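Next come the chains, spelled out residue by residue.
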Amino acid sequence: MPLVLLFFGSGILLGFLSHKNKKIISLVDILTNWSIYLFLFLLGNSVGINEEIIKNFPKLGRYAFILSIGAVTGSIAVTYFVSLTFLKKDEK
Amino acid sequence: MLPEIMLQIDFSLYALYMLLFLVGIGIGSEEQAWVAIKKLNIEIIVVPLSVIIGTFIGVIIFSLFLPGWTLKESLAVGAGFGYYSLSSILITQISGQTLGVVALLANLMREIFTLLFAVLLVKYFGKLSPVASGGATAMDTTLPVITKFAGREYGLIAVFSGIILTILAPFLIILILKS
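Rules used throughout
- Residues numbered from 1 in each chain as written.
- Chains lettered and ligands numbered in written order.
- Predicted model: local features only at pLDDT ≥ 70, side-chain atom pairs only at ≥ 80, totals over all residues.
- Helix = DSSP H or I, 4+ residues; strand = E, 2+ residues; numbered from the N terminus.
- Rg over C-alpha atoms; globule rule 2.2 N^0.38 Å.
- Buried ≥ 20, exposed ≤ 12 C-beta atoms within 10 Å, placed from the backbone.
- Contact = placed C-beta atoms within 7 Å.
- Nonpolar A, V, L, I, M, F, W, Y, C, P; charged D, E, K, R; others polar.
- Axes fitted to C-alpha atoms, helices over the stretch in contact; angles between N-to-C directions.
- Parallel < 35°, antiparallel > 145°, perpendicular 65-115°, else oblique.
- Left-handed = near helix turned anticlockwise from the far one by under 90°.
- Domains from an automatic or database assignment.

Describing the overall build of chain A
Counting its regular elements, chain A contains 3 helices and 0 strands. From first element to last, N terminus to C terminus, chain A shows the α and β order α-α-α. Here the C-alpha atoms of chain A give a radius of gyration of 20 Å, more than 25% beyond the 12 Å that 2.2 N^0.38 yields for 92 residues. The proportion of buried residues among the 92 residues of chain A is 25%.

Re the interface of chain A and chain B
Taken together, the contact between chain A and chain B spans 60 residues of the former and 60 residues of the latter. Counting residues per element, the ones that place at least two in the side of chain A that touches chain B are helix 1 (2–17), helix 2 (22–49) and helix 3 (51–87) of chain A. Per-element accounting of the side of chain A that touches chain B gives the leading share, 28 residues, to helix 3 of chain A. Considering only residue class, the side of chain A that touches chain B consists of 37 nonpolar, 19 polar and 4 charged.

Quick look at the packing of helix 4 (residues 43–63) of chain B against helix 5 (residues 71–78) of chain B
Residues and elements named next belong to chain B. Axis separation between helix 4 and helix 5 bottoms out at 9 Å; the angle between their running directions is 140°. Overall, the two elements helix 4 and helix 5 adopt an arrangement that is oblique. Crossing geometry of helix 4 relative to helix 5 is assigned as right-handed. Where helix 4 approaches helix 5, its residues Thr55, Phe56, Val59, Ile60 and Ser63 are matched on the opposing element by Leu71, Ser74, Leu75 and Gly78. Looking at side-chain class alone, the contact of helix 4 with helix 5 contains 5 nonpolar, 4 polar and no charged residues.

Some points on helix 5 of chain B
For helix 5 of chain B, a buried count of 6 out of 8 residues is recorded, marking the element as mostly surrounded by other parts of the structure. All of the buried residues in helix 5 of chain B are Glu73, Ser74, Leu75, Ala76, Val77 and Gly78 of chain B.

Side note on the packing of helix 6 (residues 84–95) of chain B against helix 7 (residues 97–125) of chain B
Residue and element names in this part refer to chain B. Interhelical geometry of helix 6 versus helix 7 gives an angle of 165° and a closest axis separation of 7 Å. By the criterion of interaxial angle, the relationship of helix 6 to helix 7 is roughly antiparallel. Every pair of crossing elements has a handedness; the one defined by helix 6 and helix 7 is right-handed. Along the contact surface, helix 6 presents Tyr84, Ser87, Ser88, Ile91, Thr92 and Ser95, while helix 7 presents Gln97, Leu99, Gly100, Val101, Ala103, Leu104, Asn107, Leu108 and Glu111. Looking at the contact of helix 6 with helix 7, its residues break down into 7 nonpolar, 7 polar and 1 charged.

Thoughts on the domain arrangement of chain A
Split into domains, chain A comes out as domain 1 (20–49) and domain 2 (51–92). The straight-line distance from the C-alpha centre of domain 1 of chain A to that of domain 2 of chain A is 25 Å.

Focus: the environment of alanine 106 of chain B
Residue placement: alanine 106 of chain B occurs in helix 7. Through-space distance from the C-alpha of alanine 106 of chain B to that of glycine 78 of chain B is 7.9 Å; in sequence the pair is 28 residues apart. Discounting chain neighbours no more than four positions away, the residues touching alanine 106 of chain B are Ala64, Leu67 and Ser68 of chain A together with Val77 of chain B.

This is how it looks when you write it as structure tokens:
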């Protein structure tokens, strides 16, 4: 957690300092996109390597899937309605 | 097939650090993000609270289709809010390995779902939806896709909401399982 904040925080600081430099910003945009792909690939890797996940998936995967869909649906629904009534933000 | 070293070290963590550094630059350089801070006040409480309530309502409804599991078990898994590492360890300690693995799978799925579908979520359910979907992961792993598809000005609410849920997750899990 502290390392996460360190990297994130120093990024924010750097971004703030270089906000006028369009070239850096567009370079960072491209790097960010490819880093997302790299991260997703490595995350997938770590899941595929994890025996506990792979072994238990057929048995427990259905239950886990239903729970996660329920949690996500509920979160999005409540947040959506709350943002309409309380936050008065133009969401769409 | 993979080189041996990739089987031993989890490089995704380093990729995440690098990614968050880049995302930080993106947010720090974005004027709208700093403007958004001033509007934050009540959102900081309302958004994570909505995620908590929404998660529990959703789990309660969907658990009606799952006769083999108790409501308490399902709610505890939901209370991970995507935080799969801590929730699975904690739940294993209290309820045993089976539920612990379910917690791992369910919360991992929540994170991966947010990562893969953030663009569709923003399109159909608004810019706050991936923040809601990501839950505790909105502070780090899903932050990049949130800022990419909802906009950098949502980076800060994502981080704050994610942090609050990350902190509350273990307390809620224990509260649910020990009640």
